Amino acid sequence: MNNVTQESSRSYFQDLILKHKNLDAVVIGCTEFPLLLNQKNSALQMIDPVYLQTRAAVDYALEGEEIKAS
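Conventions adopted
Residues numbered from 1 in each chain as written. Predicted model: local features only at pLDDT ≥ 70, side-chain atom pairs only at ≥ 80, totals over all residues. Heavy atoms only, no water. Helix = DSSP H or I, 4+ residues; strand = E, 2+ residues; numbered from the N terminus. Buried < 20%, exposed > 50% of the residue type's maximum accessible area, 1.4 Å probe, protein only. Contact = heavy atoms within 4.5 Å. Areas by Shrake-Rupley, 256 points an atom, 1.4 Å probe, with all protein chains shown as cover. Salt bridge = Lys/Arg side-chain N within 4 Å of Asp/Glu carboxyl O. Polar contact = N/O pair within 3.5 Å; in protein donor to acceptor, adjacent residues only side chain to side chain. Core = buried A, V, L, I, M, F, W, Y, C linked by side-chain atoms within 4.5 Å. Phe/Tyr/Trp six-rings, centres within 6.5 Å; stacked < 30°, edge-to-face > 60°. Patch = residues over 30% accessible without salt bridge, like charges linked within 9 Å, V, L, I, M, F, W, Y side chains within 5 Å.

Draft legend 1. Up close: the overall build of the protein chain. Tallying secondary structure elements over the protein chain gives 2 helices and 2 strands in all. Its helices and strands taken in sequence order, the protein chain reads α-β-β-α from the N to the C terminus. Put simply, the protein chain has 70 residues, and 13% of those count as buried. For the protein chain, the proportion of contacts with a sequence separation of at least 24, taken over those separated by at least 6, is 37%. Put simply, the protein chain shows about 6000 Å² of open surface, and 54% of that area lies on carbon and sulfur atoms.

Draft legend 2. Looking closely at the pattern of salt bridges. Scanning all chains against the criterion turns up 2 salt bridges. In this structure, the salt-bridge partner of Glu7 is Arg10, at a minimum N-O distance of 3.0 Å. Of this pair, Glu7 and Arg10 both sit in helix H1 (residues 7-18), separated by 3 residues, roughly a single helical turn. The class of Arg10 is buried, set by a relative accessible area of 18%.

Draft legend 3. Structural detail: the side chain of Arg10. A polar contact of 2.9 Å, which involves the side chain of Arg10, links it to the backbone oxygen of Leu36. Look past the residues within four positions of Arg10 in its chain and what remains in contact with it is Thr5, Leu35, Leu36, Leu37 and Asn41.

Draft legend 4. Just the nonpolar core, in detail. Core analysis: the biggest nonpolar cluster contains 7 residues, these being Ile17, Val26, Ile28, Leu36, Leu37, Leu44 and Met46. Beyond its immediate chain neighbours, meaning those up to four positions away, Ile28 contacts Phe33, Pro34, Leu37, Met46, Ile47, Asp48 and Pro49.

Draft legend 5. Quick peek at the packing of aromatic side chains. The full count for this structure, using the stated rule, is 2 aromatic pairs. Between Tyr12 and Phe13 the ring centres are 5.2 Å apart and the planes differ by 80°, which places this aromatic pair in the edge-to-face class. Each member of the aromatic cluster is reached from another via a ring pair, and the members are Tyr12, Phe13 and Phe33.

Draft legend 6. Layout of the environment of His20. Note on placement: His20 falls in the loop between H1 and strand E1 (25-27). Sequence-wise, His20 and Leu44 are 24 residues apart; in three dimensions their C-alpha atoms are separated by 9.4 Å.

Draft legend 7. Examining a nonpolar patch on the surface more closely. On the surface, Val27, Ile47, Tyr51 and Leu52 cluster together into a nonpolar patch covering about 370 Å² of accessible area. Examined against the element boundaries, Tyr51 turns out to sit in helix H2 (residues 49-61). Judged by its relative accessible area of 47%, Tyr51 is partly exposed.

Structure, rendered in structure tokens:
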């Protein structure tokens, strides 16, 4: 099944994050983790590499292009 999460999985990661209060952020190193964690349910800043990679790809593709508002 797709997009199925369990509260026990979410709680496990939330508890793990809370154990490391000396950190500034958490890297979501797997594409499935954003299904469990996000800025609303995490005690720390979340860094999503998939978002960063897609943002960099769009920036690269549009490099030198003037973006016009619709």
